[in-house]
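The residues making up each chain are set out below.
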Amino acid sequence: MNVTQNSISTKALFTDFKEITKAGLSISVVFSSLAGYLLGVVDFSLDSLKIIALLAIGGYCMVGASNAYNQIIERDLDALMDRTKNRPLPAGRISVSATLVIAIILTLIGLVVLYSINPKTAMFGAISIFLYTSVYTPLKTLTPLSVFVGAIPGAIPFMLGWVAATNDFSLEAGTLFLIQFFWQFPHFWAIGWFLFEDYKKAGFFMLPTGKRDAATALQIILYTVWLLVASLLPAIFPHIGIVGSRLYLSPIAAVLVFALGIWMLVYAFKLYKKRDAKAAKSLMIVSVFYITLLQIVFVADKFLR
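Participant: What is the right way to read the overall build of the protein from this model?
Facilitator: The helix and strand inventory of the protein stands at twelve helices and zero strands. Reading the protein from its N terminus to its C terminus gives the helix and strand order α-α-α-α-α-α-α-α-α-α-α-α. Since a compact globule built from 305 residues should have a radius of gyration of about 19 Å, the 20 Å found for the protein is in line with a globular shape. On the principal axes, the C-alpha backbone points of the protein span a range of 65 × 50 × 35 Å. Going through the 305 residues of the protein one by one, you find that 49% of them count as buried. When the accessible surface of the protein is summed, it comes to about 14,300 Å², and 70% of that surface belongs to carbon and sulfur atoms.

Participant: It is not clear to me how the packing of helix H11 (residues 251–274) against helix H12 (residues 277–304) should be interpreted in this structure. Could you clarify?
Facilitator: Describing two packed helices takes the angle between their axes plus the distance from one axis to the other. One way to put it is that H11 packs onto H12 with a least axis distance of 10 Å and a crossing angle of 170°. Looking at the two axes, H11 sits roughly antiparallel to H12.

Participant: Can you walk me through a nonpolar patch on the surface in this structure?
Facilitator: On the surface, Phe31, Trp263, Ile285, Phe289, Leu293 and Ile296 cluster together to form a nonpolar patch covering roughly 510 Å² of accessible area. Of the residues forming the nonpolar patch, the biggest block, four residues, is contributed by H12. Locating Leu293 in the fold gives a position in helix H12. The class of Leu293 is partly exposed, set by a relative accessible area of 34%.

Participant: In this structure, what is going on with the nonpolar core? I would like to understand it.
Facilitator: Across soluble globular proteins, you tend to see nonpolar side chains buried next to one another. Within the largest apolar cluster, 86 residues are counted, with the highest numbers of intra-cluster contacts made by Leu39, Tyr290, Leu294 and Phe298. Apart from residues no more than four positions distant in its own chain, Tyr290 is found in contact with Trp183, Leu227, Ser231, Leu260, Gly261, Trp263 and Met264.

Participant: Would you explain the packing of aromatic side chains in this entry?
Facilitator: The geometry of an aromatic ring pair is captured by the separation of the ring centres together with the interplanar angle, meaning the angle of the planes. Within the structure shown, the criterion is met by 14 aromatic pairs. Aromatic side chains Phe124 and Phe169 sit 5.7 Å apart centroid to centroid with 40° between the ring planes, which places their arrangement in the tilted category. Separated by 45 residues along the polypeptide, Phe124 in helix H6 (residues 119–139) and Phe169 in the loop between helix H7 (146–166) and helix H8 (171–194) bring together distant segments of the chain. By relative accessible area, which is 43% here, Phe169 ends up partly exposed. Between Tyr132 and Tyr136 the ring centres are 5.2 Å apart and the planes differ by 40°, which places this aromatic pair in the tilted class. Taken as a pair, Tyr132 and Tyr136 lie in helix H6 at a separation of four residues, close to a single helical turn. On the basis of relative accessibility, which here comes to 8%, the residue Tyr136 falls in the buried class. Counting every residue linked through ring pairs, the aromatic cluster contains Phe148, Phe177, Phe181, Phe182, Phe185, Trp189, Tyr223 and Trp226. The lysine or arginine in question, Lys140, covers the ring of Phe204, its NZ or CZ lying 4.6 Å from the ring centre.

Participant: What should I look at first to understand the environment of Tyr290 in this one?
Facilitator: When you line up the elements, Tyr290 lands in helix H12. Expressed as a C-alpha distance, the spacing of Tyr290 and Gly92, which sit 198 residues apart in the sequence, is 36 Å. For Tyr290, the side chain forms a polar contact with the side chain of Ser231, separated by 2.8 Å.

Participant: What exactly am I supposed to notice about the pattern of salt bridges here?
Facilitator: According to the stated counting rule, one finds eight salt bridges in the structure shown. The closest approach of N and O atoms between Glu74 and Lys140, which form a salt bridge, is 3.0 Å. Taken together, the residues Glu74 in the loop between helix H3 (46–73) and helix H4 (75–78) and Lys140 in the loop between H6 and H7 connect sequence positions 66 residues apart. Like Glu74, the residue Lys140 is buried in the burial classification. Ionic pairing is found between Lys201 and Asp82, a salt bridge with its closest N-O pair at 2.9 Å.

Participant: Just to check I follow, could you spell out the side chain of Thr133 for this structure?
Facilitator: Residue placement: Thr133 occurs in helix H6. Looking at Thr133, the relative accessible area reads 9%, which means it is buried. One polar contact links the side chain of Thr133 to the main-chain carbonyl oxygen of Ile129, over a distance of 2.8 Å.

Participant: I would appreciate a short explanation of a positive patch on the surface in the present structure.
Facilitator: Taken together, Lys270, Lys273, Lys274 and Lys278 make up a surface patch of like positive charges. Looking at the positive patch element by element, the count peaks at three residues for H11.

Participant: Mind showing me how you'd approach H7 here?
Facilitator: A turn of α-helix holds 3.6 residues, and therefore any two residues three or four places apart point the same way. With 21 residues, H7 should reach 30 Å at 1.5 Å per residue; the first-to-last C-alpha distance of 31 Å fits that figure. Roughly 40° is the biggest bend found in H7, and it falls at Pro157. Immediately beyond the C-terminal end of H7, within one or two residues, lies Asn167, with a positive phi of roughly 60°.

Definitions and cut-offs
- Counting restarts for each chain: residues are numbered from 1 in the order of the written sequence.
- This being a predicted model, a pLDDT of at least 70 is required before a residue's local features are given, and a value of 80 or more before pairs of side-chain atoms are given or counted; all residues contribute to the totals for chains, interfaces and linings.
- As a rule here, side-chain values come from all non-hydrogen atoms in the structure, and water together with hydrogens is ignored.
- Each helix is a run of DSSP H or I of at least 4 residues and each strand a run of E of at least 2, with the numbering of both proceeding from the N terminus.
- Here the radius of gyration uses the C-alpha set of atoms, whereas the globule reference equals 2.2 Å times the residue count to the power 0.38.
- Partly exposed describes any residue whose relative accessible area lies between the buried limit of under 20% and the exposed limit of over 50%, with all areas from a 1.4 Å probe on protein chains only and scaled to the type maximum.
- Methods summary: accessible areas were calculated by the Shrake-Rupley approach with a probe of 1.4 Å, and residue burial reflects only the protein chains presented.
- Note on method: axes are straight lines fitted to C-alpha atoms, helices fitted across the in-contact stretch only, with angles between N-to-C directions ranging 0 to 180 degrees.
- For this classification, under 35 degrees means roughly parallel, over 145 means roughly antiparallel, 65 to 115 means roughly perpendicular, and everything else is oblique.
- To count toward a patch, a residue needs a relative accessible area over 30% and no salt bridge; like charges are then connected within 9 Å, while nonpolar side chains (Val, Leu, Ile, Met, Phe, Trp, Tyr) are connected within 5 Å.
- Within this document, salt bridges are pairs made up of a side-chain nitrogen of Lys or Arg and a carboxyl oxygen of Asp or Glu, the two lying within 4 Å of each other.
- Take the buried residues of types Ala, Val, Leu, Ile, Met, Phe, Trp, Tyr and Cys, join any two whose side-chain atoms come within 4.5 Å, and each joined set is a nonpolar core.
- The contact criterion used throughout is that any non-hydrogen atoms of two residues lie within 4.5 Å.
- Note on ring pairs: Phe, Tyr and Trp rings are taken, using the six-membered ring of Trp, and paired if centres are within 6.5 Å. Classes follow the plane angle, with under 30 degrees stacked, over 60 edge-to-face and the rest tilted.
- Only when the NZ atom of a Lys or the CZ atom of an Arg is both within 6 Å of the ring centre and within 35 degrees of the ring normal do we say a charge sits over the ring.
- Counting of polar contacts relies on pairs of N or O atoms within 3.5 Å, with two restrictions inside protein: one atom must be capable of donating a hydrogen and the other of accepting it, and residues adjacent in sequence are counted only when both atoms are side-chain atoms.
- Positive charge is attributed to Lys and Arg, negative charge to Asp and Glu, and no charge count is given to His or to the chain ends.
- The location of each charge is read from NZ of Lys, CZ of Arg, CG of Asp or CD of Glu.
- A helix's residues, less one, multiplied by 1.5 Å, set its expected span.
- Throughout, bend refers to the angle between the axes fitted to the seven residues that end at a position and the seven residues that start at it.

See the structure below:
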């Protein structure tokens, strides 16, 4: 009986840990970092596998810590929303002090692990945590500009992988940052649209106009266009006088990236036309597939050409 109870207790603790660190989100962020690393690495070797492991561990710790801090700060607001009221903190399954200890431990482990790759990687990881918890989180109840601020730490992972591989912040790293930066807007505004009523209970300002209106839908289209342009920059570099860039897309890859962008743009226009929660949710789902497939195309193009 005790063995069974301990097993259930351990499973519950693990489940709560996954919720506190938002395991699904953290893993997707780690995926972006690893994609950036594979794009930046010159000679793939056994040492590369070691860095990949360190980047995965350090990246998960840093993102998990950010999410834990966020849930500590927003625990009372989370209790007001249907989608978050059963999280460990508002549900009372774990204490604030225990969550804070977890967050601090994850922060320290993450910084040490990322620093062991190179100092710049640890620095950008630290900047990400600071902006997410100290700037983005408090702004969510004050202004729609919170999404702009949140897009900065949200765009770091793709770039972080390149910095981990090269120990340098370059044009290529900046391009990867720009791609994921513009991606944040249609993605999170779509979420803000179909969860509008739930967010409203907690007083979160997620949409640029504060309303589910034509102006918000138009901005989603605009930022999707900017995303499409940013995603094609590596293919454009040689044609605008930028030579020697290690971030490059072959013509076939560029066509695939363009097609992905058009796919997402179609759903952005559908939201503009319908302006309902269903269209917004569809756009959100497409945006997740978009960024994942785009990163796969980028990496595959590098190693196959």
